[in-house]
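In case you want the letters, here they are:
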Amino acid sequence: MQIQDLAQTLGAHVAPHLEIEITGVAGMAEATSSDITFLSNPKYIAQLQNSQAAAILVSSNFTGTTPMPCLRVSEPYLAFAKTIEIFHQKPLPECSIHPTAIVGEGVKLGTNVSIGAYVVIGNHVSIGEGAILYPHTVIYDHANIGAYAILHSHSVVREEVEIGDRVILQNHAVIGADGFGFVPCADGTLYKIMQAGTVIIEEDVEIQSLTAIDRGTIGITRVGKGTKIDNLVQVGHGCDVGQHTLLCGMVGLAGSTKVGNHVTMGGRSSSAGHLSIGDHTAVGMNGTIMQSVEPNAQISGYPAMDLKLWLRVIAEIKKLPQLVKRLRKIEKEIGL
Amino acid sequence: MQIQDLAQTLGAHVAPHLEIEITGVAGMAEATSSDITFLSNPKYIAQLQNSQAAAILVSSNFTGTTPMPCLRVSEPYLAFAKTIEIFHQKPLPECSIHPTAIVGEGVKLGTNVSIGAYVVIGNHVSIGEGAILYPHTVIYDHANIGAYAILHSHSVVREEVEIGDRVILQNHAVIGADGFGFVPCADGTLYKIMQAGTVIIEEDVEIQSLTAIDRGTIGITRVGKGTKIDNLVQVGHGCDVGQHTLLCGMVGLAGSTKVGNHVTMGGRSSSAGHLSIGDHTAVGMNGTIMQSVEPNAQISGYPAMDLKLWLRVIAEIKKLPQLVKRLRKIEKEIGL
Amino acid sequence: MQIQDLAQTLGAHVAPHLEIEITGVAGMAEATSSDITFLSNPKYIAQLQNSQAAAILVSSNFTGTTPMPCLRVSEPYLAFAKTIEIFHQKPLPECSIHPTAIVGEGVKLGTNVSIGAYVVIGNHVSIGEGAILYPHTVIYDHANIGAYAILHSHSVVREEVEIGDRVILQNHAVIGADGFGFVPCADGTLYKIMQAGTVIIEEDVEIQSLTAIDRGTIGITRVGKGTKIDNLVQVGHGCDVGQHTLLCGMVGLAGSTKVGNHVTMGGRSSSAGHLSIGDHTAVGMNGTIMQSVEPNAQISGYPAMDLKLWLRVIAEIKKLPQLVKRLRKIEKEIGL
């Protein structure tokens, strides 16, 4: 693709009359002499000297110089993502209903849906226009799947669950299985509480592989629009996760946790139940939240605390044995 | 439903001649003026003033006053759970064997079973009376499934595994896959040890979504009757989990751990292998057990320690940088 | 089996003319009087006195005495593993293609493959000689499965992924689902980055149940030959895991982590992204790696640090409240 055409497609500014054939897209280090790369964070500028890239996407207000021609865009990382789509096209399955798919009674199928082999759709389900259900997807009764949703193989949508438009479920995502609710009885046994609630996944959410979003006893477990959830995450019964929030791999939310909008929870961070995590908060890897968190906080640690404090704490924790020695020395010195 | 009828169904005591139509059940805050709610823990009594509920389930020995009529029962939370079952009925799949189900040789099917679409049952399997296998369940050879067991879609029961009566497997539970056993060889490679053991899940156990209970080299991995296991849990090869125990979300048990009866392991708590956790012990969220634990203990932390001690420790951990400053000041003061 | 025949099969040295019929194999404590057991670690030698075993596998250079006859071998634990295979044979599914399996266009099937019920194989896939695909396995387009690979039920191999010879996938392993890559846009939304990379699983790898190995934006996520990965593990997009390495249950690797050869990562240990973990390093249970690690290190803790230091630190952490009291006392003593 000619660089001028690429610039036009991306809405980028490039030196006129420049003529380069771009054949691919790659990171700075991996780019070949016909690839385009990108500079999103100025701290990587030094690495540009060693890059073979034919051209580079930079921010409109970038003032440095680069060894290769620039395409100036308002959001270089976003332009990079769009460039990947130009050079790597993934074919989608064809719009058809595989003869082995089992479709229940009273099911409404939108136009142009793709229903793969051995998909099982329960009764009174609605599947939106253009939705793609890969083989071995199972949809229980009375669930709704939004338009242009993509459900990968072995994903499960349980009874009455609502899946919004353009939602993506990666393989083995489980939406709406029973929450963990039991009554501890006087005789020492545990009595299962019927999980009569449901789950709503709003539009443009992605839920990755092997993640469970549970239904609760009563009421709704919700994941807000545009939120992205990584692999092996648990969203407990009755949680309310906000919009445009990131839950990284192995995050665990106990029941009835409220997570705000634009939150980032790092890998394997977790929250006790019935807490509230404010908008725009960032939780570090492995942070263990044991009390509610204000908006705009940056926290980490076990228990989770202010990130800067945690960084000082872990610096000191390593010196704890030395610290004890110093204390003993003082005690000796003053005769304690 | 008339409140007198509800009281009779629940074995509750209510003022005679009271006439209220109850149409649903909800938490205190959510209850409408025709819902019944419950008070299990007296600490929530203040919230009652703001509740719209038409009536409330309280303990037989409750002595306070409530803004709405009481139904007195010996176990209010249990009565609440049973009330949910009255107002929310979930239809079960019909008793039939779907024509696409594949049933192996020598399989014994109990009466009134429900075998869903695309279920695969191996050879010499036994399925108890009234068991429900949702679509896409796979049972390997020589496994036994107890009476009235409920296996949700994509759950797997591996070869020779025993599943007790009334066991519930939520979606993608994997019972009896190979344990993690390898011989580190002299040449640096890892030689797989055949996992010739099996798994026994006793009656009334529930295992939720995406949880793995592994078989071991030899012998039995056991989950005792009435125990409940949440999502994304690992029970390693050769573990012996007691009865009426709760393993919350993301709990990890390494191989050959012995967990007692009536234990509660909080979310993401874990145990090293070959340890023993005594009866009635409670492990806090994220607690990391590195040595065996006595019965009736309350522990938390990394490493897990007495809960009260851990709470004091985490209070002090946050002050560690200050503590170091105080130490420096003392050293200066006394000339060290 | 006569002990002389067993010795010959294992290449073991045994007293000539000894005649014992061995009927099984078990651990020291469980062995009956016709079982063989093994002693790999000399620290268990005292327990031998109580063992009923008919014979024992010991190291060639073992100098102690045992209450039962010895079979001397260079690697007793390995010999034990091979003995299990003699006494416990697991039948494999027959070499056939089940009539319900769906095989796409342009698929190359090796000889003697076993394709189970309801397996779905995409277009242009290659399945090596002797490979076994259990029921409900799904292979996306353009993937390759090596010779003698074993894929258990509900395992998934996504588009273009390469699975090496003799690889074992336990149930619900997901290889090559999309990595967690999103552009945070100026308007606060998250834009999905096409995951155009792929995954290569080299020969002799085992990946256990409910584990996800993700593809990345561009390039390859690799698991090196002979490596073994337990249940519920995440290997993030773009990771490079070395050879003959062990990732125990619930390990989490964030994106672009580089793990060396012969590494052992203990249960639930984890690494932040873009770090490097050197060859032969051992990471303790729950260790949280926040900076790159040299080869041959032994580390544990949160944050991960030298194991010996961590053991001293956790000994002191428990004394933190006392330590604060001592500090207060000193301050009082010297008038601060």
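*Asks:* Hey, could you run me through the interface of chain B and chain C in this one?
*Replies:* Taken together, the contact between chain B and chain C spans 70 residues of the former and 65 residues of the latter. With both sides pooled, the region where chain B packs onto chain C buries about 5,500 Å², and carbon together with sulfur makes up 70% of that total. Between the two partners, chain B and chain C, sit three salt bridges. There are 29 residue pairs in polar contact (both at pLDDT 80 or more) connecting chain B and chain C. Every element with two or more residues in the side of chain B that touches chain C is listed here: β17 (174-178), β18 (182-184), β19 (190-192), β22 (212-215), β31 (270-271), β34 (288-289), α3 (307-317) and α4 (320-333) of chain B. No other element matches α4(B), which puts seven residues into the side of chain B that touches chain C.

*Asks:* How should the interface of chain A and chain B be read in this particular structure?
*Replies:* Interface size is commonly expressed as the accessible surface area that is lost when the partners come together. Of the residues lining the interface, 70 residues belong to chain A; the matching set on chain B comes to 65 residues. Buried area between chain A and chain B, summed over both chains or domains, comes out near 5,500 Å², and the portion from carbon and sulfur atoms is 70%. When the buried area of chain A at its contact with chain B is split by residue, A:F180, A:M194 and A:Y302 rank highest and sum to 14% of it. At the boundary of chain A and chain B, one finds three salt bridges. The residue A:R326 makes a salt bridge to B:E331 at a minimum N-O spacing of 2.8 Å. The interface formed by chain A and chain B contains 29 residue pairs in polar contact (both at pLDDT 80 or more). Of all the secondary structure elements, the ones that give two or more residues to the side of chain A that touches chain B are β17 (174-178), β18 (182-184), β19 (190-192), β22 (212-215), β31 (270-271), β34 (288-289), α3 (307-317) and α4 (320-333) of chain A. The leading source of residues in the side of chain A that touches chain B is α4(A), at seven residues.

*Asks:* Quick question: what am I supposed to make of the relation of the copies chain B and chain C here?
*Replies:* Once turned by 120 degrees and shifted 0.0 Å along the axis, chain B lies on chain C with an RMSD of 0.1 Å. Seen this way, the second copy is the image of the first under a three-fold rotation axis.

*Asks:* Whenever I open this one, the confidence of the model for chain A confuses me. Can you help?
*Replies:* Note: predicted coordinates in regions of low pLDDT should not be interpreted at a detailed level. Mean pLDDT over chain A: 96, with 100% of residues reaching 70 or higher. Taken over the whole predicted complex, pTM reads 0.97, whereas the ipTM for its chain interfaces reads 0.96.

*Asks:* What exactly am I supposed to notice about the packing of α4(B) against helix α4 (residues 320-333) of chain C here?
*Replies:* When two helices pack together, their arrangement is captured by the angle between the axes and the distance separating the axes. Closest axis-to-axis distance for the α4(B)/α4(C) pair is 11 Å, and the angle between their directions is 35 degrees. For the pair α4(B) and α4(C), the sense of crossing is left-handed. Residue-level contacts link B:L320, B:L323, B:R326, B:L327 and B:I330 of α4(B) to C:L320, C:L323, C:V324, C:L327, C:R328, C:I330 and C:E331 of α4(C). For the contact of α4(B) with α4(C), a count of residues per class yields nine nonpolar, no polar and three charged.

*Asks:* I would appreciate a short explanation of the domain arrangement of chain A in the present structure.
*Replies:* Domain annotation for chain A reports domain 1 (3-87) and domain 2 (102-305). Computed over C-alpha atoms only, the centres of domain 1 of chain A and domain 2 of chain A are separated by 37 Å.

*Asks:* Sorry, what's going on with the sheet that holds β34(B) here?
*Replies:* Strand pairing within a sheet occurs via backbone hydrogen bonds; the two strands may be parallel or antiparallel. All names here are of chain B. Read from one edge of the open sheet, ten strands run β5-β8-β11-β14-β17-β22-β25-β28-β31-β34, paired in parallel fashion. The sheet is open, and its two edges are formed by β5 (102-103) and β34, each paired on a single side. Here β31 runs beside β34; their pairing, made up of two bridges, is parallel. Residue pairing across strands places S271 opposite I289, the latter belonging to β34.

*Asks:* Just to check I follow, could you spell out a nonpolar patch on the surface for this structure?
*Replies:* Residue and element names in this part refer to chain A. On the surface, a cluster of nonpolar side chains totalling about 210 Å² of accessible area is made up of I97, V103 and L109. Structurally, the position occupied by L109 is in strand β6 (residues 108-109). On the basis of relative accessible area, L109 is assigned to the partly exposed category, the value being 33%.

Quick notes on the rules
Residues numbered from 1 in each chain as written. Chains lettered and ligands numbered in written order. Predicted model: local features only at pLDDT ≥ 70, side-chain atom pairs only at ≥ 80, totals over all residues. Heavy atoms only, no water. Contact = heavy atoms within 4.5 Å. Buried area = accessible area lost by both parts, 1.4 Å probe. Salt bridge = Lys/Arg side-chain N within 4 Å of Asp/Glu carboxyl O. Polar contact = N/O pair within 3.5 Å; in protein donor to acceptor, adjacent residues only side chain to side chain. Helix = DSSP H or I, 4+ residues; strand = E, 2+ residues; numbered from the N terminus. Least-squares fit on C-alpha atoms with pLDDT ≥ 70 in both. pLDDT = per-residue confidence, 0-100. Axes fitted to C-alpha atoms, helices over the stretch in contact; angles between N-to-C directions. Left-handed = near helix turned anticlockwise from the far one by under 90°. Nonpolar A, V, L, I, M, F, W, Y, C, P; charged D, E, K, R; others polar. Domains from an automatic or database assignment. Pairing = 2+ DSSP bridges. Patch = residues over 30% accessible without salt bridge, like charges linked within 9 Å, V, L, I, M, F, W, Y side chains within 5 Å. Areas by Shrake-Rupley, 256 points an atom, 1.4 Å probe, with all protein chains shown as cover. Buried < 20%, exposed > 50% of the residue type's maximum accessible area, 1.4 Å probe, protein only.

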